[in-house]
Amino acid sequence: MEALEKRREHVIALFRIVVGLLFACHGAATLFDVLGGPHGAAPDVAEWPGWWAAVVQLVGGTLVLCGLVTRTAAVLCSGSMAYAYFVEHQPDGLFPIENGGESAAMFCWSFLLVAAVGPGRWSLASRLRPRRGTGGRPVTGPMSTDTPTSV
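The following refers to the structure shown. (Residues numbered from 1 in each chain as written. Predicted model: local features only at pLDDT ≥ 70, side-chain atom pairs only at ≥ 80, totals over all residues. Heavy atoms only, no water.)

1. What to know about the nonpolar core
Judged by nonpolar contacts, the single largest core of 15 residues is most densely connected at Phe-23, Val-64, Ala-74, Met-81, Ala-104, Phe-107 and Phe-111. Sorting the residues of this core by element identifies α2 (8-32), α4 (70-89) and α6 (102-117) as the ones contributing at least two each. The contact partners of Ala-74, leaving out residues within four places of it in the chain, are Val-64, Phe-111, Val-114 and Ala-115. (Core = buried A, V, L, I, M, F, W, Y, C linked by side-chain atoms within 4.5 Å. Buried < 20%, exposed > 50% of the residue type's maximum accessible area, 1.4 Å probe, protein only. Helix = DSSP H or I, 4+ residues; strand = E, 2+ residues; numbered from the N terminus. Contact = heavy atoms within 4.5 Å.)

Here it is in structure tokens:
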């Protein structure tokens with residue numbers, strides 16, 4: 001367990017990257033008819049909710065993948081999947097296995113986790129905004145993350 005704890009930030013970053021990539025792929029498939037195309041009929045431009053959901057998937061997933069405004073993007077992505085689950089899937093059955101909402105439920109909770117724990121290592125935000133130490137000088141060493149630390 002100690003070995004896993006040492007790699008916690010790396011695992012969080014890998015989780016964020018994979019979830020963001022998969023989500024962005026859903027948006028790209030719907031908007032640009034790539035990667036196997038959309039699931040179901042392709043929505044018209046600006047059609048509610050399909051086209052807008054695909055935009056959130058592409059933009060939000062890319063932001064989470066890159067680690068830019070990660071927590072905000074993850075909350076938006078999580079909320080869009082909660083909406084998808086309760087409005088589109090839940091009327092067809094109570095449980096995700098009954099109503100086809102497994103991916104919506106998994107993405108919703110995955111993004112909520114990313115919003116709670118932050119981007120981990122390897123985020124672009126940490127490269128663009130170096131930590132400041134005492135006296136206002138940049139701190140050398142690993143870049144900061146959005147992950148809260150204990151004092």
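2. Digging into the layout of surface pockets
Any empty space left between the atoms is revealed when a probe the size of a water molecule rolls over them. Taken as a whole, the largest pocket spans an internal volume of roughly 750 Å³. Every residue lining the largest pocket is counted, 28 residues in all, and those nearest its centre are Gly-50, Ala-53, Gln-57, Met-81 and Ala-84. Classifying every residue of the lining of the largest pocket gives 18 nonpolar, 9 polar and 1 charged. (1 Å grid on protein atoms, 1.4 Å probe; cavity = no way out; pocket = protein on both sides within 12 Å on 5 of 7 lines; lining within 4 Å. Points joined across faces, edges and corners; volume = space filled by probe spheres on them. Nonpolar A, V, L, I, M, F, W, Y, C, P; charged D, E, K, R; others polar.)

3. With respect to the pattern of salt bridges
With the rule as written, the count across this model stands at 2 salt bridges. Residue Glu-2 pairs with Lys-6 through a salt bridge whose shortest N-O separation is 4.0 Å. You can see Glu-2 and its partner Lys-6 sitting in helix α1 (residues 2-6), 4 residues apart, about one turn around the helix. According to the relative accessible area criterion, Glu-2 is exposed, its value standing at 58%. Two residues, Arg-8 and Glu-9, come together in a salt bridge whose shortest N-O distance is 3.6 Å. Taking relative accessible area as the criterion, Arg-8 reaches 36% and is therefore assigned partly exposed. (Salt bridge = Lys/Arg side-chain N within 4 Å of Asp/Glu carboxyl O.)

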